[in-house]
Amino acid sequence: MRVTETLIWAAFIIQKVLGEYGMAHFSDKDKSKGKDYCIFFNSQWARLPQDLSKASHLQIYDLTTSVLCSPSDVPEGGFPNRIPMVMRGNCTFYEKVRLAQINGAKGLLIVSKDRLTPPAGNRTQYEEIDIPVALLSYSDMLDISKTFGKLRLVAMYAPNEPVLDYNMVIIFLMAVGTVAVGGYWAGSRDNKKRYMKHKRDDGLEKQDEETVDVTPIMICVFVVMCCSMLVLLYFFYDRLAIWVIAIFCLASSVGLHSCLWPFVRRLPFCKCRVPENNLPYLHKRPQICMLLLSAFCISVSITWMVFRNEDQWAWVLQDTLGIAFCLYMLKTVRLPTFKACTLLLTVLFVYDVFFVFITPYLTSSGESIMVEVAAGPSDSSTHEKVSSFTEVHISHQQIGKVTLSLCCFFQLPMVLKVPRLNSSPLALCDRPFSLLGFGDILVPGLLVVYCHRFDILTQSSRIYFVACTIAYGVGLLITFVALAVMQMGQPALLYLVPCTLFTTLTVALWRRELPQFWTGSGFVPALVLAPINCTQTAAPQIDGSSTKPEAQTTETTRQSNGSPQHPLQETSPGERDEEEKKSD
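Residues numbered from 1 in each chain as written. Predicted model: local features only at pLDDT ≥ 70, side-chain atom pairs only at ≥ 80, totals over all residues. Heavy atoms only, no water.

Before going further, it helps to spend a moment on the overall build of the chain. For the chain, the helix and strand inventory stands at 19 helices and 15 strands. Here the chain holds 584 residues, and the buried ones make up 47% of them. Of the contacts formed within the chain by residues at least 6 apart in sequence, a portion of 74% connects residues at least 24 apart. As presented, the chain carries roughly 30600 Å² of accessible surface, and 62% of it is formed by carbon and sulfur atoms. (Helix = DSSP H or I, 4+ residues; strand = E, 2+ residues; numbered from the N terminus. Buried < 20%, exposed > 50% of the residue type's maximum accessible area, 1.4 Å probe, protein only. Contact = heavy atoms within 4.5 Å. Areas by Shrake-Rupley, 256 points an atom, 1.4 Å probe, with all protein chains shown as cover.)

For the rest of this paragraph, the subject is the state of the cysteines. The full count for this structure, using the stated rule, is one disulfide. Distance from the sulfur of Cys451, which forms no disulfide, to the nearest cysteine sulfur (Cys468) is 4.2 Å. Take Cys451: its relative accessible area is 0%, and that puts it in the buried class. (Disulfide = S-S within 2.5 Å.)

Attention now goes to the nonpolar core. One finds Ile441, Leu447, Tyr472, Leu476 and Phe517 to be the most contacted residues of the largest nonpolar core, which totals 85 residues. Residues Trp45, Leu68, Val97 and Ala105 belong to the second largest nonpolar core, which totals 24 residues. (Core = buried A, V, L, I, M, F, W, Y, C linked by side-chain atoms within 4.5 Å.)

To continue, consider the pairing of strand S3 (residues 58-63). Where S3 lies against strand S7 (residues 152-157), two bridges are found, and the strand directions are antiparallel. Note that in S7 the partner of Gln59 across the bridge is Leu153. (Pairing = 2+ DSSP bridges.)

One non-glycine residue, Ser461, lies in positive phi territory at about 55 degrees. Counting through the fold element by element, Ser461 comes out in the loop between helix H14 (439-458) and helix H15 (463-486). By relative accessible area, Ser461 is classed as exposed at 69%. Even without being a glycine, Arg512 presents a positive backbone phi close to 60 degrees. Structurally, Arg512 can be placed in the loop between helix H16 (493-510) and helix H17 (514-519).

Once that is clear, we can look at the pattern of salt bridges. Taken as a whole and assessed by the stated rule, the structure comprises five salt bridges. Arg98 is paired through a salt bridge with Glu128; the nearest N and O atoms lie 3.4 Å apart. Of this pair, Arg98 sits in helix H2 (residues 93-102) while Glu128 sits in helix H3 (residues 123-128), and the two are 30 residues apart along the sequence. Taking relative accessible area as the criterion, Glu128 reaches 36% and is therefore assigned partly exposed. (Salt bridge = Lys/Arg side-chain N within 4 Å of Asp/Glu carboxyl O.)

Quick look at the side chain of Asp455 now. Note on placement: Asp455 falls in helix H14. Buried within the structure, Asp455 lacks any salt-bridge partner; its nearest side chain of opposite charge belongs to Arg511, at an N-O separation of 6.3 Å. In this structure the side chain of Asp455 is engaged in a polar contact, spanning 2.7 Å, whose partner is the backbone nitrogen of Phe465. Not counting residues up to four positions away in its chain, the partners in contact with Asp455 are Ser460, Arg462, Ile463, Tyr464 and Phe465. (Lys, Arg positive; Asp, Glu negative; His and termini not counted. Polar contact = N/O pair within 3.5 Å; in protein donor to acceptor, adjacent residues only side chain to side chain.)

Attention now moves to the confidence of the model for the chain. The predicted coordinates should not be examined in detail at positions where pLDDT is low. The pLDDT averaged across the chain works out to 75; a share of 74% of its residues lies at or above 70. A low-confidence stretch, residues 381-410 (pLDDT under 50), is modelled with 131 contacts involving residues beyond four sequence positions or located in other chains. Long-range and interchain partners of residues 524-532, a stretch whose pLDDT sits below 50, account for eight contacts in this model, where long-range means more than four residues apart. (pLDDT = per-residue confidence, 0-100.)

The next thing to look at is H2. Within the span of H2, buried status applies to Phe93, Tyr94, Lys96, Val97, Leu99 and Ala100. Those residues of H2 that are buried are in contact with strand S4 (82-87), strand S5 (108-112), H3 and strand S6 (133-137). The first or second residue beyond H2 is Gly104, which carries a positive phi of 90 degrees.

What follows deals with the packing of helix H8 (residues 237-264) against helix H9 (residues 288-306). Interaxial distance between H8 and H9 falls to 9 Å at its minimum, and their mutual angle equals 145 degrees. Handedness of the crossing formed by H8 with H9: right-handed. Taken together, the residues of H9 that come into contact with H8 (itself represented by Ile245, Phe248, Cys249, Ser252, Ser253, Leu256, His257, Leu260, Trp261 and Val264) are Cys289, Met290, Leu293, Ser294, Phe296, Cys297, Ile298, Val300, Ser301, Trp304 and Met305. Across the contact of H8 with H9, the residue classes tally to 16 nonpolar, five polar and no charged. (Axes fitted to C-alpha atoms, helices over the stretch in contact; angles between N-to-C directions. Left-handed = near helix turned anticlockwise from the far one by under 90°. Nonpolar A, V, L, I, M, F, W, Y, C, P; charged D, E, K, R; others polar.)

Written out as structure tokens, the structure is:
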């Protein structure tokens, strides 16, 4: 058993040292326009130029009906000044490339139906061979046959990987914008709710404004659920993948409706309601525009679910639904104290570190559970990928010169994703998208919401809110720097939690408000005071009249609390709409 593990690790080390991604540019002979395809090559056979303009455009000799393992497979006349394209199998890479070189080939493309592996050899074989050899996937070979004619040319090259892709700017703006807008919106909404004077009679809209205050017990239960879900995905990935997609579609539809409804309800035709009926849900006479908006949100989610593999545009729908879901969660979930914020962020920080850096010592494969779930298990039949709730996987997972190949078709949707803007082998072969998990937005975002609520309470010109939002942006930039330096995916909470917690703690200490900020003192329902009549003069008190002011005060308080003397009258839908506009 020990010998087997040693051989596996040795093979893995060889793959890390030798395997490199490159690009094969195919084009027709009489046309300048072409297309790039991913290749996996070994620079110890022969190096590839870094620039396409310096690469030789040679004609392809299609020999995909053969494996090129014996001289009988070589056509008459050989491959003079051409690059043969053959199938993988039946013999070693050295035997194939040696036959190709002897017969005048200037390179060799080996089509593989299996996972791309580096074409390895020994030192003597490397010294003997001086033409490049690379592996091409079978699906790319089929696309090449359909796209280009028989007189097609190919140029193999390997450009350098950029340190960071420009799409990082888009991810940064989306993440910081979501946290800032969600924190501001949630705090302002909570302030309006606390001081709202107009009461609504529509039970459905009261339910829409409900929020959830998180307790320490709920935090512990939530973390246990996250750990359990991650472990279950690790062991039962194929069975749970479709449920994750279904939950995302449902939750994102609700989030999109919650974000669009405050704007849609202001339209003039939104006063129309469903006629009186006895149907299960429609008997409450909801507004017609609400039903139309619900149908629109559901259709957007279903459209994404059906076309989620379309890399050209499906990521726009996924990001839109994901941002709406994050905004809805930031408006709904509240942390009542800074103590609760510290507990949540600290526990998830430990959770992130454990599943990324500790679990490799506990698994048989030597990979962390977080990475395995994020990449999709290698034996998964669905080939779905999911980014974890609190980990960011952005572009690179490189070790030395190799990039871990993730042979998967698409990701599960718990991430924001943006296609890479730079043309590079990594974008073409491994990960065409940069990803940021929802947890890296929601967890620090709940602290930003708390800071804004505390700013409103203390009337501190939103200093906590601004400081925490800036700290989140700085933490995300540090994550990008760590990504560029280490050249591997980074758990963003490792940098976001210290930046946001220490910044808000410093501001509270500087303003000498740490006790109030820590306990959240002041987040209590506003007391309704009796109106004062400035024209009323003080009457002289007489004996036995001490109970009358109390009765009068009680009566006044009852009236100010909205307890009228006359019976309640049902308001019409039109009057309710007017009250909703005024309250907004």
